[in-house]
Amino acid sequence: MAGEIHADARGAEGDRKTRLILQEQQASRLRSSNFPGLKLRNPSWDMLVALLAAKRNGTQLSMSDLCLMCDAPESTALRLIHQLREKGYAEMVPDRSDRRRTRVSLTRMGEAQFDAYLDKMGPA
């Protein structure tokens, strides 16, 4: 699935961060599936985690991908994507193969903020 991280060869610290990111993704899904009818997900956070996973996998997500992943109405999701861009966490670039689509990726600042966050978390 787009926006999910796969194991890579970044060494022990990269593996630890990969496990932490996977745990974040799994915890979000688990909360939603165990409490049906409640909105326990945070769309902005879900987008950031998906963008980090995509960056670590060397890919970019489409705006449509992010809208679907964040479990929010499309208008809300689009507003959140633009907020992430305005705050410097995400960047939007036209798709090279399809000009109608826009790709979204995590900026260097966004990745650095995530690294700082993951550094503060305990061992995975």
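All values reported here derive from a predicted model rather than from experimental measurement.

K.L.:
Can you walk me through the confidence of the model for the protein chain in this structure?
P.N.:
Detailed reading of predicted coordinates is not advised where the pLDDT is low. Here the protein chain averages 82 in pLDDT, and 85% of its residues register 70 or above. Mean pLDDT across the secondary structure elements of the protein chain bottoms out at helix α1 (residues 11–34), with 76, and peaks at strand β3 (residues 102–106), with 93.

K.L.:
Got a minute to help me understand the packing of aromatic side chains in this structure?
P.N.:
Remark: the centre distance and the inter-plane angle together describe each pair of aromatic rings, the angle taken between the planes. By the definition in use, this model includes three aromatic pairs. Their ring planes at 35 degrees and their centres at 5.3 Å tell us that tryptophan 45 and phenylalanine 114 sit as a pair that is tilted. Note that tryptophan 45 is positioned in helix α2 (residues 43–56) and phenylalanine 114 in helix α5 (residues 108–120), a separation of 69 residues in sequence. Its relative accessible area of 5% is what places phenylalanine 114 among the buried residues. Ring geometry for phenylalanine 114 and tyrosine 117: centres 6.2 Å apart, planes at 80 degrees, overall edge-to-face. Separated by three residues within a single helix, phenylalanine 114 and tyrosine 117 lie in helix α5, roughly one turn from each other.

The rules behind each value
Residues numbered from 1 in each chain as written. Predicted model: local features only at pLDDT ≥ 70, side-chain atom pairs only at ≥ 80, totals over all residues. Heavy atoms only, no water. pLDDT = per-residue confidence, 0-100. Helix = DSSP H or I, 4+ residues; strand = E, 2+ residues; numbered from the N terminus. Phe/Tyr/Trp six-rings, centres within 6.5 Å; stacked < 30°, edge-to-face > 60°. Buried < 20%, exposed > 50% of the residue type's maximum accessible area, 1.4 Å probe, protein only.

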